[in-house]
Amino acid sequence: MSSFQLGELILTSKPYAYVLSNACRSSRCDFCFKKQKDLKRCSQCSFLFYCDKSCQEKSWDVHKAECKFIKKAKPKEPTASMRLIALILFKIKKLGREFPVEDVYGRKMTFQSLMSHAEDIQKSLKSCQQMMALIGTLIVYIGSTNIPLPSDFVEIFGKMCINTFSICDNEMQSIGSGLYLGASVFDHSCQPDAEVVFDGINLTVRAIKDIPHRNINKIYISYIDQMQLTEDRQNALKEQYYVLCQCQRCLSPHLDELMTKLTDSGRENQVSEFNAQLEHIKQMKKDKVGPSTIYNACLNQLALHEVALADTHLCKVKTLEIAFDICIESNQWADAITLGKQLLKPYRLYYGQYHPTLGIHLFKLGKIQALQNLPSASTTLQEAENVLKVTHGETHHLYQELLKFIYESRIVFPTESLALQ
């Protein structure tokens, strides 16, 4: 076969090194990232948690290198980024830079083969400051004998920064980070050919369109959230990945115009205030302010947006997202359905027909509609199935969860099949 078909699995990759976010500690297993209650602590460092003895034993080969240092650092806790680079350093010391090897369609991927952009890092004052600060904390954490010379460290630091993925849960929320050798072959495009999805710690890449070739060097994924203005995407890519994207989306002003579109009554001087209020609402979420307070703040802003901002305006969409999540958290099902339906247009517009965020949103919305006995649930869940079948694949546990929900809810679909559309 000389092409990749829509929904076809292109790559499955296991992490070279990975860590759970400190915010998820004690609620997820540090080995498999499964969320559950009654996790068991590591008896030595008391910092890592595991599902059971099996996960702990599987983790020990990696964890034993850091366990004594975590224990020694108490009462301080190492950050996730500090743990990740320490684990990489331990692995290099044990195996060297040429092992392990991941074969990606004939391209041999090792830690040594990864791009580092070391020269760009050395030219960037901000990156150099970040690196030197990390070296200082690493010396305290694991000792100077475990840290290579600066010329070697900048290469390792660069490879970690450039090639690390945010490991996401079923709702596309970051729960950890990992360096993946195989997935590092893919370059970036804001109009990608394939999407990255995680099943626990395992990374998969699936085609979201028919790709008329199998040249792995010319298949693109998106490194960043696509629902951003071009200038913001370009700045994020330049700062973290040293990439200048020249895809059609970056060269065309069309989507930016929609993301900044005002109504006939809207004025430019209102937008800065709306954005400031959005940042305030985000901060309230971080501060864990009561959901009713956050929801009322969202509703007040959305009422003002209705007069001034088009439905596609980025500030309005971001506010809708927060309000929708709060409604689910508060069991406000009728409002959740109204807000969830409003998000469908911008999601389809900015993410395209097949994207994990769209599929997950449709699943959430369809589930609420079904629980409220609304006939619209069948159409929404069918579309969710069509999207998740492409982005996640039939074996992914989220797709299986969707099928189980459809079966148990006895959802009746229209006459057309659930096959890919």
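Residues numbered from 1 in each chain as written. Predicted model: local features only at pLDDT ≥ 70, side-chain atom pairs only at ≥ 80, totals over all residues. Heavy atoms only, no water.

Per an unreviewed UniProt entry, the chain goes by MYND-type domain-containing protein and derives from Oedothorax gibbosus.

Engineer: In this structure, what is going on with the overall build of the chain? I would like to understand it.
Structural biologist: From N to C terminus, the chain includes 15 helices and 12 strands. In summary, the chain has a C-alpha radius of gyration of 23 Å against a globular reference of 22 Å for 421 residues, a match within 12%. Seen along its three principal axes, the alpha-carbon backbone of the chain occupies a region of about 65 × 50 × 50 Å. Burial status across the chain gives 49% buried among its 421 residues. Considering only contacts within the chain whose residues lie at least 6 apart along the sequence, 65% involve residues at least 24 apart. (Helix = DSSP H or I, 4+ residues; strand = E, 2+ residues; numbered from the N terminus. Rg over C-alpha atoms; globule rule 2.2 N^0.38 Å. Buried < 20%, exposed > 50% of the residue type's maximum accessible area, 1.4 Å probe, protein only. Contact = heavy atoms within 4.5 Å.)

Engineer: Before we go on, may I ask you to explain the pattern of salt bridges in this structure?
Structural biologist: Any two side chains of opposite charge can pair, on the condition that their charged atoms come close. Taken as a whole and assessed by the stated rule, the structure comprises 18 salt bridges. Across the salt bridge formed by Lys-364 and Glu-171, the nearest N and O atoms sit 3.6 Å from each other. In this pair, Lys-364 is assigned in helix α13 (residues 356-371) and Glu-171 in the loop between β7 (164-168) and β8 (174-179), connecting sequence segments 193 residues apart. Glu-171 gets classed as partly exposed once you look at its relative accessible area, which sits at 44%. As a salt-bridge pair, Glu-383 and Arg-348 come within 2.6 Å of each other at their nearest N and O atoms. Of this pair, Glu-383 sits in helix α14 (residues 376-391) while Arg-348 sits in helix α12 (residues 333-351), and the two are 35 residues apart along the sequence. (Salt bridge = Lys/Arg side-chain N within 4 Å of Asp/Glu carboxyl O.)

Engineer: Help me understand the packing of helix α9 (residues 268-286) against helix α10 (residues 291-308) in this model?
Structural biologist: What describes two packed helices is the angle between their axes and the distance between those same axes. Where α9 meets α10, the closest approach of the two axes is 10 Å, and the angle between their N-to-C directions is 165°. The angle between the axes of α9 and α10 places the two elements in the roughly antiparallel class. The hand of the α9/α10 crossing is left-handed. Contacts from Gln-270, Phe-274, Gln-277, Ile-281, Met-284 and Lys-285 in α9 reach Thr-293, Ile-294, Ala-297, Cys-298, Gln-301, Leu-304, His-305 and Ala-308 in α10. Tallied by class, residues from the contact of α9 with α10 come to eight nonpolar, five polar and one charged. (Axes fitted to C-alpha atoms, helices over the stretch in contact; angles between N-to-C directions. Parallel < 35°, antiparallel > 145°, perpendicular 65-115°, else oblique. Left-handed = near helix turned anticlockwise from the far one by under 90°. Nonpolar A, V, L, I, M, F, W, Y, C, P; charged D, E, K, R; others polar.)

Engineer: Just checking my understanding: could you explain helix α2 (residues 80-95) for this structure?
Structural biologist: Given 3.6 residues to a turn, an α-helix orients residues that are three or four positions apart in the same direction. The end-to-end C-alpha distance of α2 is 22 Å, a good match for the 22 Å that 16 residues give at a rise of 1.5 Å each. Those residues of α2 that sit buried are Ala-80, Met-82, Arg-83, Leu-84, Ile-85, Ala-86, Leu-87, Ile-88, Leu-89, Phe-90 and Ile-92. At the exit of α2 stands Gly-96, carrying a positive phi of roughly 85°. (Expected span 1.5 Å × (residues − 1).)

Engineer: Looking at this structure, how should I read the environment of Thr-110?
Structural biologist: Note that Thr-110 resides in the loop between β6 (107-109) and α3 (118-123). Look at Thr-110 and you get buried, because its relative accessible area is 6%. Once residues lying within four places of it in the same chain are set aside, the contact partners of Thr-110 are Arg-97, Glu-98, Pro-100, Val-101 and Leu-181. Within the local environment of Thr-110, its side chain forms a polar contact with the side chain of Glu-98, the two groups lying 3.4 Å apart. (Polar contact = N/O pair within 3.5 Å; in protein donor to acceptor, adjacent residues only side chain to side chain.)

Engineer: Would you mind showing me how to read the packing of helix α11 (residues 314-329) against α12 here?
Structural biologist: At their nearest, the axes of α11 and α12 sit 9 Å apart, and the two run at 150° to each other. When the interaxial angle is binned, α11 and α12 end up roughly antiparallel. In the crossing of α11 with α12, the sense of the turn from one axis to the other is left-handed. Contacts from Val-317, Leu-320, Glu-321, Ala-323, Phe-324, Cys-327 and Ile-328 in α11 reach Trp-333, Asp-335, Ala-336, Leu-339, Gly-340, Gln-342, Leu-343, Pro-346 and Tyr-347 in α12. Counted by class, the contact of α11 with α12 contains 12 nonpolar, two polar and two charged residues.

Engineer: Teacher, can you tell me more about the side chain of Ser-13 here?
Structural biologist: Its location among the elements puts Ser-13 in strand β1 (residues 9-13). Given a relative accessible area of 0%, Ser-13 falls into the buried group. A distance of 3.0 Å separates polar atoms of two side chains, one belonging to Ser-13 and the other to Glu-102. Leaving out residues up to four positions away in the same chain, Ser-13 has contacts with Glu-102, Tyr-180, Leu-181, Gly-182, Ala-183, Asn-202 and Leu-203.

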